[in-house]
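The residues making up each chain are set out below.
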Amino acid sequence: MKRREFITLLGGAAVAWPCNGLAQSRPKRPLIGFLGASSKAAGARYYSSFPLGMRELGHSEGRDYGLEERYADGDVSRLPLLAEELVRLKPDAILVATTPGALAAKQATSSIPIVGVNMTDPVGFGLVTSEARPGTNVTGVLFRLEGLTEKQVEIALDLMPAATKMGILVDVNNPSNMLQRREVEAAAGKLGVSTVTVDVRTVDEISGAIQTFVREGANIVIVLASAMFVNARRQIATFALVSRLPTVYNFREHIEDGGLISYGIDNRQNFRRAAYFVDRILKGEKPGDLPVEFPTKVELVVNVTTAKAIGLTIPPTLLARADEVIE
């Protein structure tokens with residue numbers, strides 16, 4: 001080899017070696033696992049708020065972190081298997097959309113940080129030691145505020161002042177529905193209204209449940225918060241409309257697809273706030289040291305088109321209180 005060629009080759013190698021060293025020293029991009037209880041399409045409106053919240057904190061999906069998603073499509077029995085799939089990927093944190101999702105994820109791992117959105121009674125379900133100091137690998141945002149269920153019952157009676165019997169639609173696969181059911185029954189009892197409860201296990205049972213409410217003489221129905229019901233919200237709205245049965249929901253998504261009225265937390269805000277917890281965890285904080293937070297926004301949404309279709313006049317006072325009226 002000629003002297004000039006050797007020097008050129010040596011110089012080229014000297015330039016290449018540092019570049020390879022830099023490439024090898026690049027930090028690993030964090031991976032976030034996401035476990036959704038409904039389908040991706042059914043929850044798209046609020047699921048999309050998480051990456052929005054991450055961008056506000058300086059994290060761009062694809063550039064600063066990866067997102068691996070799993071969806072149960074409204075079937076909570078699938079959550080444990082999906083949680084195990086995510087755990088095998090060894091993510092830096094797992095974001096879960098519901099209490100059943102948080103329970104499935106915690107069963108699958110005691111070390112990977114879990115951020116729960118819309119959690120119900122995390123202390124009672126053993127997800128955290130206390131809300132102020134979780135002490136486990138779980139933290140996040142609660143689904144409900146104190147008095148929320150009682151307020152839903154009051155709204156139902158504002159709609160139907162003469163109501164004497166209230167229906168409760170329950171997803172028996174969802175453990176948080178048991179707590180919600182007891183709260184509705186207690187609130188209705190205080191106001192002198194009897195209740196008729198119908199348990200369903202699958203979407204196919206919802207039509208029969210609505211027929212049972214009609215047959216039992218329920219004047220109005222409260223649909224409890226469940227991913228299965230969110231997933232099947234159009235079917236529920238249609239069944240209620242055909243039966244001319246006033247129905248109260250937790251989430252505005254029901255109302256946008258033909259439901260009558262909802263009163264509950266703003267899911268978009270909760271998912272946006274979940275980004276705060278993930279950000280803190282990625283910066284080295286432990287979930288057990290991050291207090292569980294209460295939701296910051298509750299909204300009342302009314303669909304007057306549906307009200308007219310079932311022959312119901314929404315009281316002006318209720319319309320005045322609404323955050324949004326859909327016509």
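Keep in mind the model is a prediction, meaning the values are calculated, not measured.

1. Looking at the packing of helix H3 (residues 49-56) against helix H12 (residues 267-282)
- Where H3 meets H12, the axes come as close as 7 Å, and the angle between the chain directions of the two elements is 50°. In terms of orientation, H3 and H12 fall into the oblique class. Every pair of crossing elements has a handedness; the one defined by H3 and H12 is right-handed. On H12, the residues touching Ser 49, Phe 50, Leu 52, Gly 53, Met 54 and Glu 56 of H3 are Arg 268, Phe 271, Arg 272, Ala 274, Ala 275, Val 278 and Leu 282.
- Along the lines of polarity and charge, the residues of the contact of H3 with H12 split into 8 nonpolar, 2 polar and 3 charged.

2. Digging into helix H8 (residues 206-215)
- Taken together, the buried positions of H8 are Ile 206, Ala 209, Ile 210, Thr 212 and Phe 213. Looking straight down H8, one finds its buried side chains confined to an arc of 155°; they lie on one side.
- Close packing links the buried residues of H8 with strand E6 (165-171), strand E7 (194-200), strand E8 (220-223), helix H9 (227-231) and helix H10 (233-242).
- Immediately beyond the C-terminal end of H8, within one or two residues, lies Gly 217, with a positive phi of roughly 80°.

3. Looking at the packing of aromatic side chains
- Following the criterion strictly, the structure yields 9 aromatic pairs and no others.
- On the basis of an interplanar angle of 65° and a centroid distance of 5.7 Å, the ring pair of Phe 34 and Tyr 71 is categorised as edge-to-face. Of this pair, Phe 34 sits in strand E1 (residues 31-36) while Tyr 71 sits in strand E2 (residues 66-71), placing them 37 residues apart in sequence. As far as burial versus exposure is concerned, Phe 34 and Tyr 71 are alike and both buried.
- A connected cluster of aromatic rings, assembled from ring pairs, spans Phe 34, Tyr 46, Tyr 47, Tyr 71 and Phe 271.
- The ring of Tyr 276 carries the charged tip of Arg 273 above its face, separated from the ring centre by 4.0 Å.

4. So, the packing of helix H4 (residues 79-88) against helix H5 (residues 99-108)
- Two elements in contact, H4 and H5, have axes separated by 8 Å at closest approach and are oriented at 50°. Between H4 and H5, the crossing angle belongs to the class labelled oblique. Crossing of H4 against H5: the hand is right-handed. Residue-level inspection shows Leu 79, Pro 80, Ala 83, Glu 84 and Val 87 of H4 in contact with H5, the latter providing Pro 100, Gly 101, Ala 104, Ala 105 and Ala 108.
- For the contact of H4 with H5, the per-class residue count stands at 8 nonpolar, 1 polar and 1 charged.

5. Observations concerning the sheet that holds strand E4 (residues 114-119)
- A sheet is described by the order of its strands in space; here 5 strands give the open sequence E2-E1-E3-E4-E5, paired in parallel fashion. Strands with a single pairing partner mark the edges of an open sheet, and in this sheet they are E2 and strand E5 (138-142). The mean inter-strand angle of the sheet, taken between neighbouring strand axes irrespective of direction, is 20°.
- As judged from the 6 bridges shared by E1 and E2, these two strands associate in the parallel manner.

6. Here's the deal with the sheet that holds E8
- Here 7 strands make up an open sheet; going across it, the order is E7-E6-E8-E9-E10-E11-E12 and the pairing mixed. Every other strand in the sheet has two partners, leaving E7 and strand E12 (324-326) as the edge strands with one partner each. Averaged over all pairs of adjacent strands, the angle between strand axes in this sheet comes to 20°, irrespective of strand direction.
- When E6 meets E7, the two strands line up parallel, connected through 7 bridges. In the sheet register, Ile 168 faces E7, and the bridge partner there is Thr 197.
- Here H8 sits on the sheet in contact with E6, E7 and E8, set at roughly 165° to E7.

7. With respect to the side chain of Thr 99
- Within the fold, Thr 99 resides in helix H5.
- Within the local environment of Thr 99, its side chain forms a polar contact with the backbone nitrogen of Thr 120, the two atoms lying 2.7 Å apart.

Parameters at a glance
- Residues numbered from 1 in each chain as written.
- Predicted model: local features only at pLDDT ≥ 70, side-chain atom pairs only at ≥ 80, totals over all residues.
- Heavy atoms only, no water.
- Axes fitted to C-alpha atoms, helices over the stretch in contact; angles between N-to-C directions.
- Helix = DSSP H or I, 4+ residues; strand = E, 2+ residues; numbered from the N terminus.
- Parallel < 35°, antiparallel > 145°, perpendicular 65-115°, else oblique.
- Left-handed = near helix turned anticlockwise from the far one by under 90°.
- Contact = heavy atoms within 4.5 Å.
- Nonpolar A, V, L, I, M, F, W, Y, C, P; charged D, E, K, R; others polar.
- Buried < 20%, exposed > 50% of the residue type's maximum accessible area, 1.4 Å probe, protein only.
- Arc of directions from axis to C-beta.
- Phe/Tyr/Trp six-rings, centres within 6.5 Å; stacked < 30°, edge-to-face > 60°.
- Lys NZ or Arg CZ within 6 Å of the ring centre and 35° of its normal.
- Pairing = 2+ DSSP bridges.
- Polar contact = N/O pair within 3.5 Å; in protein donor to acceptor, adjacent residues only side chain to side chain.

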